[in-house]
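Take a look at the letters that make up each chain.
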Amino acid sequence: MRAARCDEHAQKRSKRATPNDPFYWSTAWRKLRKRKLQADPLCELCLAKDRVTPATEVHHKQARRVRPELELVFDNLQSTCKPCHSAETAREIRGHTKS
């Protein structure tokens, strides 16, 4: 029986942060996330600062814990780069945003 990943890629995979929330593994989220990144392939937060950066993450403008009914609403999503996504998430955790 063949392993799902070679040792090198299995090790890289295990180092990545993976959300424990099953929502992020749902087919609905994965399809919507892909659609958002295709529609807006550049980080929207960087663009607002006249920087051009590829988007790799999708951020909920209004946090899921605050507005769960918007978790799969396209207009509540924002394409971001990893640093911007991390900064936005940290701000939410600290309570410095409206979401």
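So, how was this worked out
Residues numbered from 1 in each chain as written. Predicted model: local features only at pLDDT ≥ 70, side-chain atom pairs only at ≥ 80, totals over all residues. Heavy atoms only, no water. Salt bridge = Lys/Arg side-chain N within 4 Å of Asp/Glu carboxyl O. Buried < 20%, exposed > 50% of the residue type's maximum accessible area, 1.4 Å probe, protein only. Helix = DSSP H or I, 4+ residues; strand = E, 2+ residues; numbered from the N terminus. Pairing = 2+ DSSP bridges. Expected span 1.5 Å × (residues − 1). Arc of directions from axis to C-beta. Contact = heavy atoms within 4.5 Å. Core = buried A, V, L, I, M, F, W, Y, C linked by side-chain atoms within 4.5 Å.

A. A look at the pattern of salt bridges. Enumeration according to the criterion identifies 6 salt bridges in this entry. Ionic pairing is found between Arg64 and Glu71, a salt bridge with its closest N-O pair at 3.0 Å. Looking at Glu71, the relative accessible area reads 22%, which means it is partly exposed. Here Glu88 ties to Arg91 by a salt bridge, and the two come within 2.3 Å at their closest N and O atoms. Of this pair, Glu88 and Arg91 both sit in helix α4 (residues 82-94), 3 residues apart, which is roughly one turn of the helix. In this structure Arg91 comes out as partly exposed when scored by relative accessible area, which is 31%. One salt-bridge network, held together by shared partners, links Asp21, Arg64 and Glu71.

B. View of the pairing of strand β2 (residues 77-80). Here β2 shows two buried faces, one formed by Leu77 and Ser79 and the other by Gln78 and Thr80. Relative to β2, strand β1 (residues 57-60) is paired through 4 bridges, and the arrangement is antiparallel. Bridge pairing in β2 places His59 opposite Gln78.

C. Structural context of helix α2 (residues 27-39). The end-to-end C-alpha distance of α2, which contains 13 residues, comes to 18 Å, matching closely the 18 Å that a straight helix rising 1.5 Å per residue would cover. Buried within α2 we find Trp29, Leu32, Lys36 and Leu37. Angular distribution of buried residues about the axis of α2 spans 135°; they occupy a single face of the element. The exposed set on the far side of α2, more than 90 degrees from its buried face, consists of Thr27, Lys31, Lys34 and Gln38. Contacts made by the buried residues of α2 are with α3 (44-47), β1 and β2.

D. Molecular detail of the nonpolar core. Phe23, Trp29, Leu32, Leu37, Ala55, Val58 and Leu77 together form the largest nonpolar core, which totals 7 residues. No other element matches the 3 residues that α2 contributes to this core. Apart from the residues within four sequence positions on either side, Trp29 is in contact with Phe23, Tyr24, Val58, His60, Glu71, Leu72 and Leu77. Counting 5 residues, the second largest nonpolar core, distinct from the first, contains Cys43, Cys46, Cys81 and Cys84.

In short, the description is geometric, and any link to function would need to be established separately.
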